[in-house]
Amino acid sequence: MDFGSINPVLLIASLMVASTPILLAALGELVTEKSGVLNLGVEGMMIVGAISGFIVAVETGSPALGFVAAAFGAVVLSLIFGVLTQLLLSNQVATGLGLTLFGLGVSALMGQGYVGIRPPSSPRWEFFGLNELPVVGPILFNQHGVVYLSLGLVIGVWWYLRTTRSGLILRAVGESHEAAHALGYSVLGTRFAAIAFGGACAGIGGAFLSLVIVPQWTEGMTAGRGWIALAIVVFASWRPGRVLLGAYLFGGVTVLQLNLQAAGIAIPVELLSMSPYLITILVLVVISSDKRRAAALAPASLGRTFHASS
Amino acid sequence: MREALIRLEKRPTPSKLWSWATPLVAVVATMIAGGLLFGALGTDPIVAIRTIFYDPLFGEFAFYYRGQLLVKAGPLILIAIGLSLGFRAGIWNIGAEGQYIMGAICGAAVGLAFYPLEIRWLIFPLVVISGALGGFLWAMIPGILRTRFNTNEILVSLLLVYVAEQILAWMALGPLRNPDGNGFPGSRNLAQYSSTSNQELIVGWGLHWGVVAALIAVIFAYVVLSRHILGLNIRLAGEAPRAARFAGVNPERLVLLCLGISGALAGLAGMFEVTGPSGQIGIDFNVGYGFTAIIVAFLGRLHPIGVMLAGLLMALTYIGGEAAQASLGLPAAAIQAFQGMLLFFLLAFDVLTNFRIRFGGRATA
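Residues numbered from 1 in each chain as written. Chains lettered and ligands numbered in written order. Predicted model: local features only at pLDDT ≥ 70, side-chain atom pairs only at ≥ 80, totals over all residues.

## So, the overall build of chain A
Part 1 of the reasoning: Along its length, chain A carries 13 helices and 0 strands.
Part 2 of the reasoning: Reading chain A from its N terminus to its C terminus gives the helix and strand order α-α-α-α-α-α-α-α-α-α-α-α-α.
Part 3 of the reasoning: A compact globule built from 310 residues would reach a C-alpha radius of gyration of about 19 Å, and chain A, at 20 Å, matches this within 12%.
Part 4 of the reasoning: Viewed in the frame of its principal axes, chain A has a C-alpha envelope of about 65 × 45 × 40 Å.
Part 5 of the reasoning: Nonlocal contacts in chain A, meaning residues at least 24 apart in sequence, comprise 78% of its contacts between residues at least 6 apart. (Helix = DSSP H or I, 4+ residues; strand = E, 2+ residues; numbered from the N terminus. Rg over C-alpha atoms; globule rule 2.2 N^0.38 Å. Contact = placed C-beta atoms within 7 Å.)

And the structure:
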């Protein structure tokens with residue numbers, strides 16, 4: 001066993017990388033849920049994003065185009081969910097589950113010819129040499145663009161929900177769709193936009209996994225990250241800042257257990273591999289044990305079907 | 001206000017006719033859309049659909065595939081019956097895959113503990129009970145967390161699937177590994193050990209004890225839902241939660257019951273699989289029955305008889321998919337996408353059960 005091989009600076013830098021897919025997916029889902037829609041298809045949208053991005057990046061040689069395609073692919077999938085739940089008024093839980101099952105199947109189908117290929121590598125940013133700084137260099141100034149995008153989105157979503165008019169309408173729709181409808185706001189329009197935003201974020205997160213973290217395509221490679229993103233939204237009490245905290249906590253556990261595996265610690269590998277899931281469950285338990293608080297934080301119309309009677 | 005061209009008008013009560021017709025319409029729509037999908041993949045759609053839905057039952061190799069039908073339908077129906085009870089009450093156990101794995105591990109562990117004793121009358125029932133118990137206890141985790149700590153059972157039950165998969169890998173490589181297996185991962189073969197073997201009851205039919213258990217579960221669920229107070233409570237809690245509370249339904253007890261029953265049935269399914277068709281605990285033991293069963297439950301309208309029919313149909317897509325893989329080179333994932341599509345169409349057409357479609361419009365607002 002050799003703990004000396006674990007470098008704390010690199011640990012934090014790689015923690016940020018490992019957390020990014022979950023952070024993005026959770027931010028997207030947060031906006032979707034704030035509008036009152038519970039989309040359990042995050043896992044499906046992530047994996048479709050992962051393969052769409054992978055295919056386009058491989059075929060065009062451009063990771064940037066890959067990320068655009070990933071967002072597009074996942075948005076298409078999320079719109080299926082939108083049409084079913086918003087126009088055809090289907091049950092959101094069932095439809096979300098269906099989206100995940102369908103996404104896993106479709107992605108495997110799309111990825112047939114892409115197993116074992118390396119995607120074009122996407123460079124890290126260097127900020128004119130700032131990345132050479134000790135400690136803060138590798139952490140703050142030498143990451144992939146998508147990591148900065150995800151951090152920017154945390155601030156962006158916070159700002160949007162808190163200060164903009166459109167963000168206020170979105171929250172109103174999520175708290176009481178009848179009242180928002182009566183005031184003349186478009187419940188369906190708002191929700192469709194929120195669902196699509198959730199899809200785009202999940203797709204980019206998935207592509208970051210297949211293009212940067214792994215980087216390869218394997219079936220089912222998201223391995224439950226979409227579900228963990230859903231758990232993190234609950235953990236974060238629907239607040240963007242806490243989503244960041246939750247995602248990085250999860251990323252930290254993931255990276256740490258990989259490091260411990262590499263260091264050859266005397267704990268079974270399987271036990272280490274299951275630790276992120278166990279810790280997510282533990283955190284969920286702690287956060288939801290205060291019943292009244294948990295109920296007060298969730299958007300009041302979350303998961304309820306809206307049908308305008310007039 | 002602008003009048004929409006097409007409006008949905010809520011029906012006073014759900015349409016009985018459409019409630020039974022939607023699964024059929026959805027199946028037909030999926031065949032058409034699936035045919036187009038296969039066409040896009042470069043396979044003749046008609047041939048593909050025939051290979052999946054017709055040939056396994058009536059084609060040249062039907063004698064082989066017909067037996068496989070019950071082997072695949074057994075676990076799907078067993079799991080889906082349990083899930084449908086919970087889904088009716090608004091209790092979402094989506095971690096059946098994990099309960100299936102844990103049932104198989106517990107059953108196999110107990111069976112292997114007796115190896116090589118030959119006392120079938122004692123050991124086989126013990127294995128069956130431990131399988132059910134394994135699934136039951138695994139489902140109790142989300143159950144107790146939900147009732148004691150108000151934790152979302154959807155997320156916990158699902159996350160526990162990944163934990164169960166790790167335990168499975170650990171068991172296959174560690175404690176349950178076959179000592180005479182030359183170091184290969186995987187346990188001893190339970191189907192070849194006479195005390196635990198869940199063999200075919202009628203040769204060539206694929207009818208093993210798991211299929212019998214599935215049939216019993218269908219009858220049990222039918223009786224409970226239509227005749228027993230528990231069934232009434234389940235239906236009430238799902239359709240009118242407030243009324244259920246006034247009627248004295250204890251929601252916590254209902255959560256534990258629904259999760260417990262579905263967990264035990266999923267555990268049984270895993271146990272019958274590991275002692276029969278699969279034979280051993282291996283890393284790739286689970287093949288997604290727990291997730292496909294969710295589709296089966298919805299396709300069967302959460303009704304026991306419907307679930308049975310839906311399980312048979314879904315089993316047909318499994319073996320038809322295998323046949324298409326062998327003869328047409330259709331990728332295995334195509335069937336998964338096909339099954340997901342079926343659920344989408346079902347949910348989409350379900351709007352007709354609860355709503356009337358009106359064209360043009362009255363001058364309301």
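Further notes follow.
## Details of the overall build of chain B
Part 1 of the reasoning: Across its full length, chain B carries 15 helices and 2 strands.
Part 2 of the reasoning: Its C-alpha atoms give chain B a radius of gyration of 22 Å, near enough to 21 Å, the size a compact globule of 365 residues would have.
Part 3 of the reasoning: Referenced to the eigenvectors of the C-alpha coordinate spread, the extents of chain B come out at roughly 80 × 55 × 35 Å.
Part 4 of the reasoning: Within chain B, contacts between residues separated by at least 24 positions form 80% of all contacts whose residues are at least 6 apart in sequence.

## What about the pairing of strand β1 (residues 6-10) of chain B?
All names here are of chain B.
Part 1 of the reasoning: With respect to burial, β1 is a largely exposed element, only 0 of its 5 residues being buried.
Part 2 of the reasoning: Alignment of β1 against strand β2 (residues 355-359), held across 5 bridges, turns out to be antiparallel. Among the inter-strand pairings, Arg7 is bridged to a residue of β2, identified as Arg358. (Buried ≥ 20, exposed ≤ 12 C-beta atoms within 10 Å, placed from the backbone. Pairing = 2+ DSSP bridges.)

## Looking at helix α12 (residues 289-299) of chain B
Residues and elements named next belong to chain B.
Part 1 of the reasoning: Burial runs high along α12: 11 of the 11 residues are buried.
Part 2 of the reasoning: When α12 is considered as a whole, its buried residues turn out to be Tyr289, Gly290, Phe291, Thr292, Ala293, Ile294, Ile295, Val296, Ala297, Phe298 and Leu299.
Part 3 of the reasoning: At the C-terminal side of α12, Arg301 shows a positive phi close to 60°.

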